[in-house]
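Overview (structure and organization)
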Amino acid sequence: MTLEEFLKDTKQIENYYGKEYNEDQKKIMYENLKPLPIARYRMIIAQIFRNCQYMPNLAKIIEMNNLTKYEPKKELKIDCQRCGGVGYIVYKKEIEDGDKIRIYDYVARCTCEKGNTYKAYPLINF
Ligand SMILES: [Zn+2]
């Protein structure tokens, strides 16, 4: 992750616990945590909010990293005749606009399993 990403997301920890890391702490934390992809760091922060009663120091963040399982990305492969496996269908619709007919592109969620993955779901489940 970049320094900018680190600072932005670390700010979330500070806001949540109502405290701040000092510049030296943040420097050392970043040196140790920068090999992590930002998505991974965010996953760890979500775990911290669930599990840490107090603002975590670097050792605790590293511990949370070790405890947080990697969730392999599951790319759902569907053989669907309707949408071709992408989960949505683009179609055109004619709309009357006064004396003109305009053609618009519409997108519809497919009824197959892949289409179901487009349902919105909450970011964090406490
Ligand atoms: Zn489909």
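First, a word on scope: everything that follows refers to the structure included in this document. Going along each chain's sequence as written, the residues are numbered from 1 onward. Two thresholds apply to this predicted model, a pLDDT of at least 70 for residue-level local features and 80 or more for giving and counting side-chain atom pairs, whereas whole-chain, interface and lining totals are computed over all residues.

Quick look at the pairing of strand β2 (residues 100-109)
Three exposure classes are used. Buried residues have 20 or more other C-beta atoms within 10 Å of their own C-beta, exposed residues have 12 or fewer, and partly exposed residues fall in between, all C-beta atoms being placed from the backbone. Numbering of helices and strands runs from the N terminus, with a helix taken as a DSSP run of H or I at least four residues long and a strand as a DSSP run of E at least two residues long. Judged by how many residues are buried, β2 sits mostly at the surface: 0 of 10 residues are covered. Only strands that DSSP links by at least two bridges are regarded as paired with each other. Direction of pairing for strand β1 (residues 88-97) relative to β2: antiparallel, over a ladder of 10 bridges. Bridging across to β2, Glu 96 finds its partner in Ile 101. Hairpin remark: β1 followed by β2, antiparallel, with 2 residues in the connecting loop; positive phi at Gly 98, about 65°.

With respect to the packing of helix α3 (residues 38-51) against helix α4 (residues 58-67)
In this description, a line fitted to the C-alpha atoms serves as the axis of each element, helices being fitted only across the stretch in contact, and the angle between N-to-C directions of two axes falls anywhere from 0 to 180 degrees. At a minimum axis distance of 9 Å, the contact between α3 and α4 shows a crossing angle of 105°. Regarding the angle of α3 to α4, the classification is roughly perpendicular. Residues Ile 44, Gln 47, Ile 48 and Asn 51 of α3 form the contact with α4, whose participating residues are Ile 61, Met 64 and Asn 65. Geometric relationships in this document are graded by angle, where less than 35 degrees denotes roughly parallel, more than 145 denotes roughly antiparallel, 65 to 115 denotes roughly perpendicular, and other angles denote oblique. This entry defines residue contacts through backbone-placed C-beta atoms, with two residues in contact when those atoms are within 7 Å.

Remarks on the packing of helix α1 (residues 3-17) against α3
Two elements in contact, α1 and α3, have axes separated by 11 Å at closest approach and are oriented at 5°. Looking at the two axes, α1 sits roughly parallel to α3. Residues Glu 5, Asp 9, Gln 12, Ile 13 and Tyr 16 of α1 form the contact with α3, whose own contacting residues are Ile 38, Tyr 41, Arg 42, Ile 45, Ile 48 and Phe 49. Only Asp, Glu, Lys and Arg are considered charged in this grouping, and only Ala, Val, Leu, Ile, Met, Phe, Trp, Tyr, Cys and Pro are considered nonpolar; every other residue, Gly among them, is considered polar. Classifying every residue of the contact of α1 with α3 gives 7 nonpolar, 1 polar and 3 charged.

Focus on the environment of Cys 112
Within the fold, Cys 112 resides in the loop between β2 and α5 (113-116). Accessibility expressed as a C-beta count within 10 Å gives 18 for Cys 112, which makes it partly exposed. Along the backbone, Cys 112 and Gly 87 are 25 residues apart, and their C-alpha atoms lie at a distance of 6.9 Å. Ignoring any residue separated from it by four or fewer positions in sequence, one finds Cys 112 in contact with Ile 78, Cys 80, Arg 82 and Cys 83.

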